[in-house]
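If you want the building blocks of each chain, they are given just below.
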Amino acid sequence: MRQTKRLEHIGALLVVGSGKGGVGKSTVSVNLAVALARQGHSVGLLDGDAYGPSIPMMLGVRKRTPGKEGQAYLPLAERQELPIEKKLKPLLRYGIKIMSVGFFIGEEQAVAPMPDALGLLIRQLLYSVDWGALDYLIIDLPPGTSEPQATLCREISLDGAVLVTTPQDIARIDTSKALAMFQAAKVPVLGVVQNMDGLLCPHCGEQVEIFPRSQEARVLLDDLTLLGRIPLDPAAVVSGDKGYPIIVSMPDSPVARAFIDAAEQVTVALAAKRAEHSASSTEPAVEQPEEQERPGDDEAAEER
Ligand code: ADP
C-alpha cells in the first residue's frame, strides 16, 4: 500500500467535500476558513475546483480578463516541495492565504484538464505555493468522488474531511457516496454541515422549510456528527457575489453565527479524532498466549 505524505508545517489539512454541486460547499469552505482565522488560527484555503473555481469571486479577488494569450498555461510536473524562491505566493484576504486556479485564468475562461490531470494540479498547488506555517489548510474540493479526491486520498495525509449536504434525500444520497469514499480511504470524517436548512424569511425572520426534508434513513450519514445547520438566507448570496463572506459582512446574522459555531465544532471533532487515533496507536499489543497442545488435539488432527 502506498504511504501518504504529510505536508510540512501544516497543523491540519482539511478537505471540504460534497456529493453534489450547488449545496454550498464553497460557501462553507470560505466561511469556515474566515471563522477559524477570526478565532486566532493561521489559515490557508486552496480552491480545488479547477473546472469552476468560485473562491476568488466569493473572496473578492476576481480576475475578470483572460490572460495575455487568451489561454492559461499551468505546468504539471512538480511532485516534491519546490525551493522557497520558486514558490507561488498565495493572496491574502480576510486574514487567510488563498490559492485558486481562478487566479490564472479570467473568470469566464475555462480550463479543461483531463480528469487525471486534476489530481496532479491539486498536488502541484499544494507543493508549489508558499503557504508558510499554518494551523489549518482547507481544500475546497469539487463535488463527487473522482479526481482530485482519489489522488489526494492516495498520496497526501488528510487530517479530516467535512461533508456538506442539503436536507433533501437526493443530496443526502450523494453525500453518503462521498462519505463512503473517505471512509474507504481511511480519511477521518469530522462530520457533516447541513446547509440551506430552512429559509430565513427576509421579511419576518421566521424559518420556513422550503426543501422537503428527507425521511429516508441513510445509515452511514445519520451516524455522523452534525457540525452545524446553516439556514438559507438570500443575504448570503448577495454577500458572496460581492466578495464578502457573510461572516465578514453580517457577523451577527443567524447564518454567520451558525458558521462560527460549525467552525468550533470542526475544531472539537478534529481534536476528538486525534485523541481517538493516538489512543488506538498507543494501546499495548495484546499478548497472544503460546500455542499449547490440548488433550485430544492429536486425535482431532488424525480424524481430519
Ligand atoms: P457548491 O460549492 O456546493 O457548488 P456554492 O457554495 O457555490 O455551492 O453555493 C451555491 C450558491 O448558493 C451560491 O450562490 C451561494 O451564495 C448560495 N448559498 C450557499 N449557501 C447558502 C445559504 N446558506 N444561504 C443562501 N445562499 C447560499
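Every value quoted in this text rests on a predicted model; they were computed, and no experiment measured them. Numbering of residues starts from 1 in each chain and follows the order in which that chain's sequence is written. pLDDT decides what is reported in this predicted model: residues at 70 or higher carry local features, side-chain atom pairs at 80 or more are listed and counted, and totals for whole chains, interfaces and linings draw on all residues regardless.

**A few points about the pairing of strand β4 (residues 96-100)**
Of all the five residues making up β4, five are buried; the element is thus mostly covered by neighbouring parts of the structure. Side chains Ile96, Ile98 and Ser100 of β4 all project onto a buried face; the interleaved residues Lys97 and Met99 project onto the opposite face, where all are buried too. Any two strands are treated as partners once DSSP identifies two or more bridges connecting them. The numbering of helices and of strands both runs from the N terminus, where a helix is a DSSP run of H or I of at least 4 residues and a strand a run of E of at least 2. With three bridges joining them, strand β3 (residues 91-93) and β4 adopt antiparallel strand pairing. Bridge assignment links Arg93 to a residue of β4, and that residue is Ile96. With C-beta atoms placed from the backbone, a residue is buried if 20 or more other C-beta atoms are within 10 Å of its own, exposed if 12 or fewer are, and partly exposed between those counts.

**Quick look at the site of the ligand**
In the region of the ligand, 18 residues are neighbours, and Gly24, Lys25, Ser26, Thr27 and Ala236 sit closest. Counting residues per element, the ones that place at least two in the shell around the ligand are α1 (25-38), β7 (189-200), β9 (226-232) and α7 (234-241). Residues of the shell around the ligand, tallied by class, amount to seven nonpolar, nine polar and two charged. Residues are classed as near a molecule or strand if the C-beta position derived from their backbone is within 6 Å of it. Only Asp, Glu, Lys and Arg are considered charged in this grouping, and only Ala, Val, Leu, Ile, Met, Phe, Trp, Tyr, Cys and Pro are considered nonpolar; every other residue, Gly among them, is considered polar.

**Looking at unusual backbone geometry**
In this model, Glu147 is joined to Pro148 through a cis peptide bond whose omega is 5 degrees. Here Pro148 shows up in the loop between β5 (134-140) and α4 (149-155). Notably, Tyr94 is not glycine yet its phi reads approximately 50 degrees, a positive angle. Its location among the elements puts Tyr94 in the loop between β3 and β4. Of note in the backbone geometry, Met196 takes a positive phi value of approximately 55 degrees without being a glycine. Tracing the chain through its elements places Met196 in strand β7. Judged by the 23 C-beta atoms lying within 10 Å of it, Met196 is buried.

**A word on helix α5 (residues 169-184)**
For an α-helix, the turn length of 3.6 residues means that residues three or four places apart are oriented alike. For a helix, the expected span equals 1.5 Å multiplied by the number of residues minus one. Under the 1.5 Å per step criterion, the end-to-end length of α5 is 22 Å for 16 residues, consistent within 8% with the ideal 22 Å. Turning to α5, its buried residues are Ala171, Arg172, Thr175, Ala178, Leu179 and Phe182. Projected onto a plane normal to the axis of α5, the buried residues spread over an arc of 115 degrees and lie on a single side. One or two residues past the end of α5 sits Lys186, with phi positive at roughly 60 degrees. The arc in question is formed by the directions pointing from the helix axis toward the C-beta atoms.

**Concerning the nonpolar core**
Within the largest apolar cluster, 71 residues are counted, with the highest numbers of intra-cluster contacts made by Leu32, Ala33, Ile138, Val162 and Phe259. Our contact criterion uses C-beta atoms placed from the backbone: two residues qualify when those atoms are within 7 Å. Setting aside chain neighbours within four positions, we find Ile138 in contact with Leu14, Val16, Ser29, Leu32, Ala33, Val43 and Leu45. As used here, a nonpolar core is made of buried Ala, Val, Leu, Ile, Met, Phe, Trp, Tyr and Cys residues. They are joined through C-beta atoms within 7 Å.

**Details of the confidence of the model for the protein chain**
Confidence along the protein chain averages 84 in pLDDT terms, with 83% of residues attaining 70 or more. The least confident element of the protein chain is helix α10 (residues 297-303), whose mean pLDDT is 48; the most confident is β5, at 98. Note that residues 299-304 has pLDDT below 50 and, in this model, zero contacts with residues that lie over four places away or in other chains. Per-residue confidence from the prediction method is given by pLDDT, with values spanning 0 to 100.

**Thoughts on the packing of α1 against helix α9 (residues 254-282)**
Between α1 and α9, whose axes approach to 9 Å, the crossing angle comes to 75 degrees. Accordingly, the angle class assigned to the pair α1 and α9 is roughly perpendicular. Across the interface between the two elements, Asn31, Leu32, Ala35 and Leu36 from α1 touch Phe259, Ile260, Ala262, Ala263 and Val266 from α9. Here the contact of α1 with α9 is built from residues that sort into eight nonpolar, one polar and no charged. Here an axis means a line fitted to C-alpha atoms, over the contact stretch when the element is a helix, while the angle between two N-to-C directions is reported on a 0 to 180 degree scale. Any angle from 65 to 115 degrees is called roughly perpendicular, while one under 35 is roughly parallel, one over 145 is roughly antiparallel, and all others are oblique.

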